[in-house]
Amino acid sequence: MWVGPKGLGKSLLINQICLTAGTPGCTQGLWGRFSIPESLVSVICQSENDRAGFYARLKLLTASNPAYLKGQRNVHLISYENADSPRIRGNLLDANFRLALVDKLQEVGADIVVFDPLISFHEMDENDNTGMRKVLDALQIHILDEANVGAIIPHHPPKAGSGPRGAGAIGDWAHTIVELTYKDPEEDRYHIRMFNDKNRNHPE
């Protein structure tokens, strides 16, 4: 889970992660720090950008690193019910939606699935611990485990404090949480600070 304020660039960052992970022979790994032994396939479930807007972002990234052009073939947008739109919405507690999503993930051989933003994929109050736990358990058991994929989820921070917005169940569920802030919100909006807030099964 990547937690950061609106407009910081979480979606662009996640696009870069997916492109890097999908680039064959990416010897430098992610940011020169995290090795990627073999290329990975990503499926991005997003509800906010049209096709032109999404690919404009990818074009910015591939222009800065032409190697990403090879990785782009391993990054997929999907739709649900409206094949002409790359926007997708659905309810993770809806068995039909889950089955359709698992079918698509298995069809493309996905390793990673992105839900951007999480709120577009459930109908619960995000401050309801019991409700959000049901949503996230359904995601884990019926999608991630069934399709054998990992999830990347961008999310917003609370108005005060740290961690993901909403019920504590959201932060409890996540294996890893990285918080993103501007280095200086008033003077410097080009440098982003990353803080590894939680790791369940691996070193920071």
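Computed from a predicted structure; not experimentally measured.

Rules and cut-offs
Residues numbered from 1 in each chain as written. Predicted model: local features only at pLDDT ≥ 70, side-chain atom pairs only at ≥ 80, totals over all residues. Heavy atoms only, no water. Patch = residues over 30% accessible without salt bridge, like charges linked within 9 Å, V, L, I, M, F, W, Y side chains within 5 Å. Areas by Shrake-Rupley, 256 points an atom, 1.4 Å probe, with all protein chains shown as cover. Salt bridge = Lys/Arg side-chain N within 4 Å of Asp/Glu carboxyl O. Helix = DSSP H or I, 4+ residues; strand = E, 2+ residues; numbered from the N terminus. Expected span 1.5 Å × (residues − 1). Buried < 20%, exposed > 50% of the residue type's maximum accessible area, 1.4 Å probe, protein only. Phe/Tyr/Trp six-rings, centres within 6.5 Å; stacked < 30°, edge-to-face > 60°. Axes fitted to C-alpha atoms, helices over the stretch in contact; angles between N-to-C directions. Parallel < 35°, antiparallel > 145°, perpendicular 65-115°, else oblique. Left-handed = near helix turned anticlockwise from the far one by under 90°. Contact = heavy atoms within 4.5 Å. Lys, Arg positive; Asp, Glu negative; His and termini not counted. Polar contact = N/O pair within 3.5 Å; in protein donor to acceptor, adjacent residues only side chain to side chain. Pairing = 2+ DSSP bridges. 1 Å grid on protein atoms, 1.4 Å probe; cavity = no way out; pocket = protein on both sides within 12 Å on 5 of 7 lines; lining within 4 Å. Points joined across faces, edges and corners; volume = space filled by probe spheres on them. Nonpolar A, V, L, I, M, F, W, Y, C, P; charged D, E, K, R; others polar.

Caption draft 1: Quick look at a nonpolar patch on the surface. A surface patch of nonpolar side chains, amounting to about 370 Å² of accessible area, comprises W31, F34, I192 and M194. With respect to the helices and strands, M194 occurs in strand β8 (residues 188–199).

Caption draft 2: Here's a closer look at helix α1 (residues 10–22). Taking 1.5 Å per residue, 13 residues should reach 18 Å; α1 reaches 18 Å between its end C-alpha atoms and fits that length. The buried fraction of α1 is high, at 12 of 13 residues. Among all positions of α1, only K10, S11, L13, I14, N15, Q16, I17, C18, L19, T20, A21 and G22 are buried.

Caption draft 3: The packing of aromatic side chains, seen in detail. Summed over all chains, the structure comprises five aromatic pairs. Ring plane angle 80° and centroid distance 6.2 Å describe the contact between W2 and W31, whose orientation is recorded as edge-to-face. On the criterion of sequence distance, the pair formed by W2 in strand β1 (residues 2–3) and W31 in the loop between α1 and β2 (42–46) is long-range, its members being 29 residues apart. Accessibility expressed as a relative area gives 34% for W31, which makes it partly exposed. Clustering of aromatic rings is evident, with ring pairs tying together W2, W31 and F34.

Caption draft 4: Up close: the packing of helix α4 (residues 95–108) against helix α5 (residues 129–147). Where α4 meets α5, the axes come as close as 9 Å, and the angle between the chain directions of the two elements is 25°. The angle between α4 and α5 places the two elements in the roughly parallel class. Classified by chirality, the crossing of α5 by α4 is right-handed. Residues R98, L101, V102, L105 and Q106 of α4 lie in contact with α5, whose contacting residues are A138, H142, I143, E146 and A147.

Caption draft 5: Structural detail: the side chain of K10. Inspection of the secondary structure assignment puts K10 in helix α1. Summary of buried charges: K10 has no salt-bridge partner, and the nearest side chain of opposite charge, D116, is 7.0 Å away. Within the structure, the side chain of K10 is placed 3.2 Å from the backbone oxygen of P5, a separation counted as a polar contact.

Caption draft 6: The sheet that holds β2, seen in detail. Sheet architecture is open: four strands sit in the order β3-β2-β4-β5, paired in parallel fashion. The open sheet has two edge strands with one neighbour each: β3 (75–77) and β5 (150–152). Adjacent strand axes in the sheet meet at a mean angle of 25° when their direction is disregarded. Strand direction decides the pairing type here: strand β4 (residues 112–116) and β5, joined by three bridges, are parallel. Pairing of V114 across the sheet is with I152, part of β5.

Caption draft 7: Representation of the pattern of salt bridges. One pass over the structure, following the stated rule, counts two salt bridges. Here R133 makes a salt bridge to D137, at a shortest N to O gap of 3.1 Å. You can see R133 and its partner D137 sitting in helix α5, four residues apart, about one turn around the helix. Judged by relative accessible area, R133 falls into the partly exposed class, the value being 33%.

Caption draft 8: Examining the sheet that holds β8 more closely. What the four strands build is an open sheet, ordered β6-β1-β7-β8; its pairing is mixed. In this open sheet, the two edge strands, each paired with only one partner strand, are β6 (154–155) and β8. The pairing of β1 with β6 spans two bridges and is parallel. Residue pairing across strands places V3 opposite H155, the latter belonging to β6.

Caption draft 9: Local environment of the layout of surface pockets. Reported here for the largest pocket is a volume of approximately 1,200 Å³. Around the largest pocket sit 34 residues that line it, and W2, T176, V178, N199 and H202 are the ones nearest its centre. Of all the secondary-structure elements, those providing two or more residues to the lining of the largest pocket are α1, α5, β5, β7 (176–184) and β8. Per-element accounting of the lining of the largest pocket gives the leading share, four residues, to β8. By residue class, the composition of the lining of the largest pocket is 22 nonpolar, nine polar and three charged. In this model, the second largest pocket occupies a volume close to 330 Å³. As for the second largest pocket, its lining consists of L8, G9, L12, L13, Q16, L61, L180, R189, Y190, I192 and M194. If you list the elements that add at least two residues to the lining of the second largest pocket, you get α1 and β8. When residues in the lining of the second largest pocket are grouped by element, the largest group, four residues, is from β8. Of the residues belonging to the lining of the second largest pocket, the class tally is eight nonpolar, two polar and one charged.

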